[in-house]
Amino acid sequence: MARIVYVSGGARSGKSGYAQKRAEEHAGALLYVATAEVRDAEMAERVDRHRLARDARWRSLEEPLDLAGKIPPAAGGCEAILVDCLTLWLSNLLERTGDGLEITDEANRLIAALRQLDAAVYIVSNEVGSGIVPENRLARCFRDLAGLLNQQFAAAADEAWMVVSGLPLRLK
Amino acid sequence: MARIVYVSGGARSGKSGYAQKRAEEHAGALLYVATAEVRDAEMAERVDRHRLARDARWRSLEEPLDLAGKIPPAAGGCEAILVDCLTLWLSNLLERTGDGLEITDEANRLIAALRQLDAAVYIVSNEVGSGIVPENRLARCFRDLAGLLNQQFAAAADEAWMVVSGLPLRLK
Amino acid sequence: MARIVYVSGGARSGKSGYAQKRAEEHAGALLYVATAEVRDAEMAERVDRHRLARDARWRSLEEPLDLAGKIPPAAGGCEAILVDCLTLWLSNLLERTGDGLEITDEANRLIAALRQLDAAVYIVSNEVGSGIVPENRLARCFRDLAGLLNQQFAAAADEAWMVVSGLPLRLK
């Protein structure tokens, strides 16, 4: 059964870098699961920069929605898998479904799928709830759902970290 | 003299849930002090959801402003009291007074009143200062006052926690 | 060689107060380096309030941009130096240069200059990346650069702290 490591943090906190470093401590092939959809130059540049920062053992899977369905059985033979990130996955799901009713079920389905992998699983998420209350109703709704999703994954994880200024702080 | 436990965190960080769980470890009756004023459907739904998540030992007091005056002497015989939350209380106070001049005094009055209770006191607050600087002057002012209020209560507390992704991190 | 202590936190988290308290534990003269430019009444009031909260051993240097160049050799004989804060410095730099291309180089130049001081160095920075994604492109860019700058200084520091509700949490 997979060991699940949850890594949260703010924007540019170094959370992805920390998760990547942890994954690269494993020998063998590594699977990077990107939930980002490249839609503009800003995003394309970000994706490219991240790709260049990873070593050659990484294979890459881009899937915005159906993570539970598309992550290959036995992680395609990889020893570690990095899902980056939950918050964009949530954003993609909401865009399709229009509301948050099924998010918890989707998250449980993903957790169950990850658990069955014979690999170490690193899951990156964003802290989005520590600023001032957004004026925009949709933004309030999004940060509520993101917070609940983070709780759900952190509860399921075997290990949990928050990264601040590039430095990991253990939560669990 | 009351033991005061301060619990902070971002939106949907699980801070209220953690404070509630801690309070429910006490035997006997429990007092929930809600500072929220129910004004719209969004808020009503939130209040109902929280109410349903609490066990039957909870009594409930809704008071947006005069917490020091309305919390009953000896906590009405309750063994633990949960104040949820300071940030909404601040918002209510500012709406009435229009500025932050007396907030510190009000907070000291509340801390003194809570200290005299023969009950464990759990105080929930929000982290609102870790996003980008708000463009709106009022929002900047609010987050400054919320931050100062948090410092004041955390300094007065016997125990302090920050909750991240549902997981408590001890501050003090 | 200087011992560098990095202190981060949200708005009104007590980060400056903590850094100041740490600096004041040193005997002898202390140097306060303010990166804020006083441009309006709101800022003037903030600067005055901070100045009044410091003891008489503090000398003060106001420099918005060229910190590496203006901090005197051997810290002007001071035993501790407090730089408050990196985030405003970044904001000042961006205003002049219009983009973030040279920020990393500027930061490395500052770190090298601080390292050579025969004084304890306390560096204050802001956590700005834990709220909802800003709608404004410039704000997104700023919080990215601020996050990267924080990582750079925290990595270079001998000691690192995050302050929450006035309470310091050790990161490193």
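These notes cover the structure that comes with them. Since we're looking at a predicted model, the values are computed, not measured.

Overview of the nonpolar core
Then comes step 1: A:Phe153, B:Phe153 and C:Phe153 are the most contacted members of the largest nonpolar core, which has 123 residues in total.
Then comes step 2: Those residues within four positions of B:Phe153 in sequence are excluded, and the remaining contacts are B:Tyr6, B:Leu86, B:Trp89, B:Ala107, B:Leu110, B:Ile111, B:Leu114 and B:Ile123.

Re the environment of B:Arg3
Residues and elements named next belong to chain B.
Then comes step 1: Along the chain, Arg 3 falls in strand β1 (residues 3–9).
Then comes step 2: Spatially, the C-alpha atoms of Arg 3 and Glu 102 are 25 Å apart, while their sequence positions differ by 99 residues.
Then comes step 3: Ignoring any residue separated from it by four or fewer positions in sequence, one finds Arg 3 in contact with Ala 119, Ala 120, Val 121, Asp 158, Glu 159 and Arg 170.
Then comes step 4: Side-chain polar atoms of Arg 3 contact the side chain of Glu 159, separated by 2.8 Å.

Focus: the pairing of strand β7 (residues 167–170) of chain C
All names here are of chain C.
Then comes step 1: Judged by which residues are buried, β7 turns out to be one-sided: Leu 167 and Leu 169 face inward and are buried, whereas Pro 168 and Arg 170, on the alternate face, are not.
Then comes step 2: One ladder, built from four bridges, connects strand β6 (residues 159–164) with β7; its direction is antiparallel. Along β7, the bridge assignment pairs Met 162 with Leu 169.
Then comes step 3: Taking the residues between adjacent antiparallel strands as the criterion, β6 and β7 are bridged by two residues, where Ser 165 takes a positive phi near 50°.

As for the interface of chain A and chain B
Then comes step 1: Every contact between the two is made by 23 residues of chain A and, on the other side, 23 residues of chain B.
Then comes step 2: Both sides of the chain A and chain B interface together cover about 1700 Å² of buried area, and 60% of this is carbon and sulfur.
Then comes step 3: Looking at the side of chain A facing chain B, the largest losses of area belong to A:Ser130, A:Ile132 and A:Leu171, adding up to 33% of the total buried there.
Then comes step 4: For the pair chain A and chain B, the number of links is one salt bridge.
Then comes step 5: Between A:Asp144 and B:Arg12 there is a salt bridge, with its nearest N and O atoms 3.5 Å apart.
Then comes step 6: Put simply, the parts of the chain that give the side of chain A that touches chain B at least two residues each are β1 (3–9), α6 (137–156), β6 (159–164) and β7 (167–170) of chain A.
Then comes step 7: When the residues that make up the side of chain A that touches chain B are grouped by side-chain class, the tally is eight nonpolar, seven polar and eight charged.

Some remarks on the packing of helix α5 (residues 103–115) of chain C against helix α6 (residues 137–156) of chain C
All names here are of chain C.
Then comes step 1: Running from N to C, α5 and α6 point in directions that differ by 25°, and their axes come no closer than 11 Å. By the angle between their axes, α5 is roughly parallel relative to α6. The two elements α5 and α6 meet at a crossing, and its hand is right-handed. On α6, the residues touching Ile 103, Thr 104, Ala 107, Asn 108, Leu 110, Ile 111, Leu 114 and Arg 115 of α5 are Leu 149, Gln 152, Phe 153 and Ala 156.
Then comes step 2: Tallied by class, the residues present in the contact of α5 with α6 amount to eight nonpolar, three polar and one charged.

The rules behind the values
- Residues numbered from 1 in each chain as written.
- Chains lettered and ligands numbered in written order.
- Predicted model: local features only at pLDDT ≥ 70, side-chain atom pairs only at ≥ 80, totals over all residues.
- Heavy atoms only, no water.
- Core = buried A, V, L, I, M, F, W, Y, C linked by side-chain atoms within 4.5 Å.
- Buried < 20%, exposed > 50% of the residue type's maximum accessible area, 1.4 Å probe, protein only.
- Contact = heavy atoms within 4.5 Å.
- Helix = DSSP H or I, 4+ residues; strand = E, 2+ residues; numbered from the N terminus.
- Polar contact = N/O pair within 3.5 Å; in protein donor to acceptor, adjacent residues only side chain to side chain.
- Pairing = 2+ DSSP bridges.
- Buried area = accessible area lost by both parts, 1.4 Å probe.
- Salt bridge = Lys/Arg side-chain N within 4 Å of Asp/Glu carboxyl O.
- Nonpolar A, V, L, I, M, F, W, Y, C, P; charged D, E, K, R; others polar.
- Axes fitted to C-alpha atoms, helices over the stretch in contact; angles between N-to-C directions.
- Parallel < 35°, antiparallel > 145°, perpendicular 65-115°, else oblique.
- Left-handed = near helix turned anticlockwise from the far one by under 90°.

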